[in-house]
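Coordinates in review
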Amino acid sequence: DTAAYQHAFDAAVAADERIEPRDWMPDAYRATLVRQIAQHAHSEIIGMQPEANWITRAPSLRRKAILMAKVQDEAGHGLYLYSAAETLGTGRDELLDKLHSGRQKYSSIFNYPTLTWADVGAIGWLVDGAAITNQVPLCRCSYGPYARAMVRICKEESFHQRQGYELLLALSKGTPEQHAMAQDAVDRWWWPSLMMFGPPDDESQHSAQSMEWKIKRHSNDELRQRFVDICVPQAESLGLTLPDPDLRWNEERGHWDFGPIDWTEFWEVLKGNGPCNEQRITQRRRAHDEGTWVREAAAAYAAKHTGGTSG
Ligand code: ACO
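Residues numbered from 1 in each chain as written. Predicted model: local features only at pLDDT ≥ 70, side-chain atom pairs only at ≥ 80, totals over all residues. Heavy atoms only, no water.

1. Quick notes on the pattern of salt bridges
- Per the stated rule, a full pass over the model turns up 17 salt bridges.
- A salt bridge links Lys98 to Glu94; the shortest N-O distance between them is 3.4 Å. In this pair, Lys98 and Glu94 are both assigned in helix 5 (residues 92-100), four residues apart and thus about one turn of the helix distant.
- In this structure Lys98 comes out as partly exposed when scored by relative accessible area, which is 23%.
- A relative accessible area of 39% places Glu94 in the partly exposed class.
- Between Asp257 and Arg253 there is a salt bridge; the shortest N-O distance is 2.7 Å.
- What makes Asp257 partly exposed here is its relative accessible area of 26%.
- Judged by its relative accessible area of 41%, Arg253 is partly exposed.
- Residues participating in the shared-partner salt-bridge network are Glu51, Lys70, Glu74 and Asp128. (Salt bridge = Lys/Arg side-chain N within 4 Å of Asp/Glu carboxyl O. Helix = DSSP H or I, 4+ residues; strand = E, 2+ residues; numbered from the N terminus. Buried < 20%, exposed > 50% of the residue type's maximum accessible area, 1.4 Å probe, protein only.)

The structure is reproduced here in structure tokens:
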């Protein structure tokens, strides 16, 4: 009966055991995972757009090869995550349909434009850095398939973060114009990167329940603080500044204090009013439509081979 199942589920979560696809789970746990994993998957594939913008204009063959590999990795992350969502009984078609019709979200960060080559560096350093900070604890998420997908994703994200850091370092130590371009990119990406961690804890409607279920291991504000603490010394090594006059080491807390985040901007971006929301979703729908023939061909091929006909 349900009470016994619920009891077994609670005990497994309490013992830090993994919940697997065939295990009984509360409907709300399943729904929360589908919501978060879908949003995460959508972010990976929408996140290909701002950087793909620079593939044809990368300043060297080496930079171009690195960037192409990185953008392809993001597509792969989308695939692992859609597969993880499928283990919960939700098909990829359904999730993509919800993305395309605006019924599911993707990360706020990908609604900002990539104006210069230095943005590729700032995205790697800050955006992928924030993603890793958020995702490393997800490797210990209570739901097995999501946790396992995260292990590989985090390894690849670490490479992305380093390529961004190295790119920014080269610009920062380059000509005065290159240094200024790197600084401008960091100035524009810093605050939106802090918003990636989600609303402040007292406005995060899902946090308490998700932490109880051990889907989330840390609150939004905890991870945001961890990220700021990591970035301050890295910015110094890069020879760049962070655009926050209130950044100050707090001896008592053992953390960096930082200034107020513009949450109005965050909620506006979530409502669809960011600088690139319209462009991102239009491009995504177009890419999906243009890929129809590939999906049809793959389905026809699969049908032919499972149907037992040869040739
Ligand atoms: N962008 C868009 N929406 C966001 C963001 C963000 N940065 N942060 C929070 N939200 C949304 C939540 O999805 C939720 O809306 P919903 O109820 O319609 O789903 C609402 O704001 C309230 O937020 P929370 O209650 O704090 O939501 P949650 O507990 O899911 O925490 C978080 C948000 C931290 C982003 C969590 O979902 C998470 O860890 N997700 C996995 C990581 C991820 O998605 N990363 C994508 C960007 S990184 C990359 O792809 C490279």
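Moving on from the model shown.
2. A look at the packing of aromatic side chains
- Scanning the entire structure with this criterion turns up twelve aromatic pairs.
- Here Tyr29 and Trp213 contribute two aromatic rings whose centre-to-centre distance is 5.5 Å and whose plane-to-plane angle is 85 degrees, an arrangement assigned as edge-to-face. Within this pair, whereas Tyr29 is found in helix 2 (residues 27-46), its partner Trp213 is found in the loop between helix 9 (207-212) and helix 10 (220-238), the two being separated by 184 residues in sequence. Pair check on accessibility: Tyr29 and Trp213 agree, each one buried.
- Residues Trp125 and Tyr165 carry aromatic rings whose centres are separated by 6.5 Å and whose planes lie at 70 degrees to one another, so their mutual orientation is edge-to-face. Within this pair, whereas Trp125 is found in helix 6 (residues 118-135), its partner Tyr165 is found in helix 7 (residues 144-172), the two being separated by 40 residues in sequence.
- Exposure remark for Trp125: the relative accessible area of 0% places this residue in the buried category.
- Every member of this aromatic cluster is reached through a ring pair, and the members are Tyr5, Phe9, Trp24, Tyr29 and Trp213.
- Lying across the ring of Trp54, Arg57 places its NZ or CZ 4.1 Å from the centre. (Phe/Tyr/Trp six-rings, centres within 6.5 Å; stacked < 30°, edge-to-face > 60°. Lys NZ or Arg CZ within 6 Å of the ring centre and 35° of its normal.)

3. Digging into unusual backbone geometry
- Phi is positive for Asp16, which is not a glycine, with a value near 60 degrees.
- Among the structural elements, Asp16 can be located in the loop between helix 1 (2-14) and helix 2.
- The phi dihedral of Lys214 is positive, around 60 degrees, even though this residue is not glycine.

4. Observations regarding the environment of Gly89
- With respect to the helices and strands, the residue Gly89 is situated in the loop between helix 4 (61-86) and helix 5.
- Distance in space between the C-alpha atoms of Gly89 and Pro260 is 41 Å, their sequence separation being 171 residues.

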